[in-house]
Amino acid sequence: MSSGHSEQERLEELQRTQLLDSEPEESFDSLTRLASRLLNVPIVQVNLITSDRQFTKSMAGTIDFTEVKRSVPIEHSICRYTVQSGKPLHVPNTLRDPLFNDNPVVVQLQCYSYLGIPIITKRGHAIGTLCVIDHRTREWSDEEREILSDLAQALSSQIDMRMEIDRTNSRFQSLVENSYDVTTLIDPFGVITYQSPSIAGILGYDVSETLGIPCFDLIHPDDVSTVQQKFNQLVQTPLGNITAEYRIRNKAGCWIWVESTGRNLLDDTEIASLLINTRDVSERKDLEQYLTYQAHHDALTGLGNRQRLLDCLDSVFASDLPSDTPLILLILDLNRFKSINDLFGHMEGDHVLKLIARRIMRATNGARCVARLGGDEFAILYTHRPCEEAESIAWQLGHEINDLPVTGGKSIPVTCCIGVTSSLSGESSLEELLKTADLALLSAKQSTGSPVAVYRPDIRDSVLDRIQLEADLRGIIDRDELVVHFQPIVYLETGMVTGVEALARWQHPTRGLISPDTFIPLAEESGLIREIGAEVLRKTCQEVIRWDAVSGVSFQLKVGMNISATELTDPELMSTIQATLQEFDLQSNRFVLEITESTAVSRSELVRYRLDELRSLGIVLAVDDFGTGYSSLAYLTRLPFDILKIDRTFIQDLGSIEANRKILLTIVNLAEHLGLDVVAEGVETVEQLAMIRSLNFKFLQGYYVARPMPADDFFRFYTEHSASVLVPPWEAE
């Protein structure tokens, strides 16, 4: 044994060679025959030395070896001395050497001269010898020793190579058997000839259950054709590679997604098969499907999203349907939905959107695609409904939306606008269909008479006109086109003008005077309402200061102004109001802020907090347009209001609807108990004036007294009645 290694390590190395007790091999025998010829000796052996015996792996020479034992006890071995020393051993005459002269092997083989070279592996272990034996005593020359050493070195290299191959094969076998992937060998006809044990972990089969069966028997019927094509391609391509994803049946009968990579090794004589490596990709496919779903669906409502709609439309225009298939596309947008978020909070807004989504789904049974495009905009696509039904479908859908149930304990007046377009799939394009639907929706938003608009060629012009108007609106303040008109409010008992409402108007350079009904919705949609509201306050303050200066005394009238829900939730509202009043040195109690009922009824903490802030400044608060929204009286007891302004629709119907008279009498009596002043808006006739007087209204506002007018005209109107009273109409008669 070589130095530095224990006997146990040497024996372990010998065991790793897997040569002990193995059959003769030509690679060893050819080397021993070569040594016999080169050195002209009768016996050449390759002997391996264990702890208790000598095993002869190969023998060659001129004698008959049939009687020679391949394994002898270690005490009869001459080669053990060579192995123990790890160096060549030369015995010229064994008969005279006391170590060997009585050795049975010497007698049996007539071993009178011995030369042994140790076989040393690359790890440094002497595992055996290459030895030559002569029947005569013999001195071995240096050349002969060198020849035998070279042959022993070649033998060592051969053994090292075998061990490396064995180690590689062992590692490969271990990797195959313990891999999470399934390794399969398949013959050119698709029959499984080898299956790695890892198939049990992935598919649940024992190896024996799949050997000898056609691989296609396990593949999903819908995937067999594709896999068969790839298989045929692989068979016809030596050393070729393929990759395929398909479903395969596991032992439980379930279909799972797998990915296989195949290599054609039919020309490899050792393998002569198609080598297939397969792995379970079910989790990846599930994730892909989930991501695909997410990419095409709205997370809040579960409806399709814009991409889903585009994909549906794209498939329609890619001849997915017959060319004469009718198409109907509706785009629905909620009115002032931002106010719901501002007043009730985004959680409640999301709840409303989910309710609306369910309503839309219920009302659009049979639609090819229902999608939420974003925010509060939805789209519905039909492909099998007559185009003539498009408008009626839109009206039915609008009715479902307008009848939305409660949120926060009360009904919310959610309304919508719907743009409708229709065409034949072979006569239009994806872009045109979407464009015309959007134009129809814009037209519906602009209309004050109908929430539904069906696309017509002339709609484009009206929409472009509105777009231009919105563009012009963005310069309204810089160009000083925003003007304020004033409408008097009269105290019924005396006929005195005791208040005035400031109303914004747009003096457009080419369109003339534009009413707030036209441009205020534009301002809210475009986000300009806060800027415009602040400018109205500023201009109103300027007029009040001017009136004070002209009259020589402090102007005594209360000045009312409208404030939207968007402005009310503006975090900068308080600072804007305070800064403006300080700039003009005006007392806050001279101003009345009018808030619509839909805004006032909100249970939003922010709204209540903001109202308390305004009240703390001394500003008077009024509920405007009472009776158009929720008509709930309970909130009047909870919120800090001073004035209740009854909407004109109640006043106009007083003469024809008796119920309105009774309702108004109740409201006036309740308001009196709550300490609220009640204003009748929209009084236009003597009959209406008489009725509100009989119902004990204290204040009136309307065309009967005066229309809204420019600041100079109003001041002149007011000063013309310097006798302290506006002559009551009933006295004038």
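Residues numbered from 1 in each chain as written. Predicted model: local features only at pLDDT ≥ 70, side-chain atom pairs only at ≥ 80, totals over all residues. Heavy atoms only, no water.

Observations regarding the overall build of the chain
When its secondary structure is counted, the chain shows 26 helices and 28 strands. A globule of 733 residues ought to have a C-alpha radius of gyration of about 27 Å, yet the chain, at 51 Å, is considerably larger. Seen through its principal axes, the chain has C-alpha atoms that stretch 165 × 60 × 45 Å. Within the span of the chain, comprising 733 residues, buried residues form 48% of the whole. Contacts in the chain between residues at least 24 apart in sequence constitute 62% of all its contacts with a sequence separation of at least 6. Put simply, the chain shows about 35,700 Å² of open surface, and 50% of that area lies on carbon and sulfur atoms. (Helix = DSSP H or I, 4+ residues; strand = E, 2+ residues; numbered from the N terminus. Rg over C-alpha atoms; globule rule 2.2 N^0.38 Å. Buried < 20%, exposed > 50% of the residue type's maximum accessible area, 1.4 Å probe, protein only. Contact = heavy atoms within 4.5 Å. Areas by Shrake-Rupley, 256 points an atom, 1.4 Å probe, with all protein chains shown as cover.)

Observations regarding the packing of helix 14 (residues 430–446) against helix 15 (residues 459–473)
Contact geometry of helix 14 with helix 15 gives a least axis separation of 9 Å together with a crossing angle of 60°. For helix 14 against helix 15, the interelement crossing comes out left-handed. Touching Lys435, Leu439, Ala440, Leu442, Ser443 and Gln446 of helix 14 are Ile459, Arg460, Ser462, Val463 and Arg466, all from helix 15. Looking at side-chain class alone, the contact of helix 14 with helix 15 contains 5 nonpolar, 3 polar and 3 charged residues. (Axes fitted to C-alpha atoms, helices over the stretch in contact; angles between N-to-C directions. Left-handed = near helix turned anticlockwise from the far one by under 90°. Nonpolar A, V, L, I, M, F, W, Y, C, P; charged D, E, K, R; others polar.)

Topic: the side chain of Asp333
On the secondary structure map, Asp333 appears in strand 12 (residues 326–334). The class of Asp333 is buried, set by a relative accessible area of 8%. Among the polar contacts listed, one links the side chain of Asp333 to the side chain of Lys445, at a separation of 3.2 Å. Excluding its chain neighbours within four sequence positions, the residues that come into contact with Asp333 are Asp376, Glu377, Thr415, Cys416, Cys417, Leu441 and Lys445. (Polar contact = N/O pair within 3.5 Å; in protein donor to acceptor, adjacent residues only side chain to side chain.)

Describing the sheet that holds strand 4 (residues 89–91)
Here 6 strands make up an open sheet; going across it, the order is 3-2-1-6-5-4 and the pairing antiparallel. In this open sheet, the two edge strands, each paired with only one partner strand, are strand 3 (71–73) and strand 4. The average angle at which neighbouring strand axes cross in this sheet is 25°, direction not considered. Relative to strand 6 (residues 126–134), strand 5 (residues 113–120) runs antiparallel, the two being bridged by 8 bridges. Residue pairing in the sheet places Ile117 in a bridge with Leu130 of strand 6. Seen against the sheet, helix 2 (residues 26–39) touches strand 1 (43–49), strand 2 (53–61) and strand 6 and runs at an angle of roughly 60° to strand 2. (Pairing = 2+ DSSP bridges.)

Description of the pairing of strand 14 (residues 377–382)
By the criterion of burial, strand 14 is predominantly enclosed, with 6 of the 6 residues buried. Burial along strand 14 is two-sided: the residues Glu377, Ala379 and Leu381 and Phe378, Ile380 and Tyr382 are all buried. Note that strand 12 and strand 14 share 6 bridges and pair antiparallel. Bridge assignment links Leu330 to a residue of strand 14, and that residue is Ile380. In terms of strand pairing, strand 13 (residues 369–374) meets strand 14 through 5 bridges, oriented antiparallel. The residue of strand 14 that forms the bridge with Gly374 is Glu377. With antiparallel pairing between neighbouring strands as the criterion, strand 13 and strand 14 make up a hairpin whose turn holds 2 residues, including Gly375 at a positive phi of roughly 60°.

Describing unusual backbone geometry
At Gln18, a residue that is not glycine, the phi angle is positive and equals roughly 55°. What makes Gln18 exposed here is its relative accessible area of 54%. Within the chain, Asp625 stands out as a residue other than glycine whose phi angle is a positive 55°. Position of Asp625 among the secondary structure elements: in strand 24 (residues 620–626). Look at Asp625 and you get partly exposed, because its relative accessible area is 25%.

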